[in-house]
Amino acid sequence: MNIPQLQIQTTSAKLGLQINQPIQEIEQPKASLTIEQPAAIIEMSTTPSELTIDTTENRAALDLMSMFRRGDEVAQYSQQKVQEGIARRAQEGMQLVKIENGGNPLADIIKQNTDRPVAELGIRFVGNPLQLKRSFTPSQLNINVTPQKPIIDAQVNKPIHYYTPGTVTANLEQHPSIEIDWKV
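Below is a summary of the structure that appears in this document.

Topic: the pattern of salt bridges
Then, in step 1: Taken as a whole, this structure holds 2 salt bridges when the rule is applied.
Then, in step 2: In this structure, K81 and E84 form a salt bridge, with 3.3 Å as the shortest nitrogen-oxygen distance. Of this pair, K81 and E84 both sit in helix α2 (residues 67–97), separated by 3 residues, roughly a single helical turn.
Then, in step 3: Residue classification places K81 among the partly exposed residues on the basis of a relative accessible area of 39%.
Then, in step 4: Close ionic contact of E92 with R88 constitutes a salt bridge, the shortest N to O distance being 3.5 Å. In this pair, E92 and R88 are both assigned in helix α2, 4 residues apart and thus about one turn of the helix distant.
Then, in step 5: E92 gets classed as buried once you look at its relative accessible area, which sits at 13%.
Then, in step 6: Judged by its relative accessible area of 33%, R88 is partly exposed.

In structure tokens form, the structure reads like this:
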């Protein structure tokens, strides 16, 4: 006994894909940057130093004094000599009044007025460095610095972007099929 048979034979479909990859290019240009640094402002001022030396006393010791000081000195010296003269004459008068006590007071007075001391000879240093009056005011330096801020100019450049999209192409490389066969 033969049993009929059914035979089915199938062929699958084959799908082929052709893929073109996408292309992307990105370029980033550098930023444009300019920096400028202005110089700082410097202001300087000085006061001059001052040195004063007063040589009045040393000049007076050298007999080089001003006419006002010379006048004061001459007036003082004259007043002293007048007082000494008055005192001497009063003393001589007192000696002459006592003439009755004996002796020769007139000869004593003449002897006193004619005996003069012998002048000394020698080296004498004039001027005393300790009598110099000195004063010194140092100079002062004032510095004022004003810093300047930098000038920065930055420009950002946008990126350059190129893009080509990819493609996919599908094609049927093998068609599907079904074969049915009866066998008896």
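Considerations on the environment of K111
Then, in step 1: Its location among the elements puts K111 in helix α3 (residues 105–114).
Then, in step 2: Remark: the alpha-carbon pair of K111 and A13, spanning 98 residues in sequence, is separated by 173 Å.

Parameters and conventions
- Residues numbered from 1 in each chain as written.
- Predicted model: local features only at pLDDT ≥ 70, side-chain atom pairs only at ≥ 80, totals over all residues.
- Heavy atoms only, no water.
- Salt bridge = Lys/Arg side-chain N within 4 Å of Asp/Glu carboxyl O.
- Helix = DSSP H or I, 4+ residues; strand = E, 2+ residues; numbered from the N terminus.
- Buried < 20%, exposed > 50% of the residue type's maximum accessible area, 1.4 Å probe, protein only.

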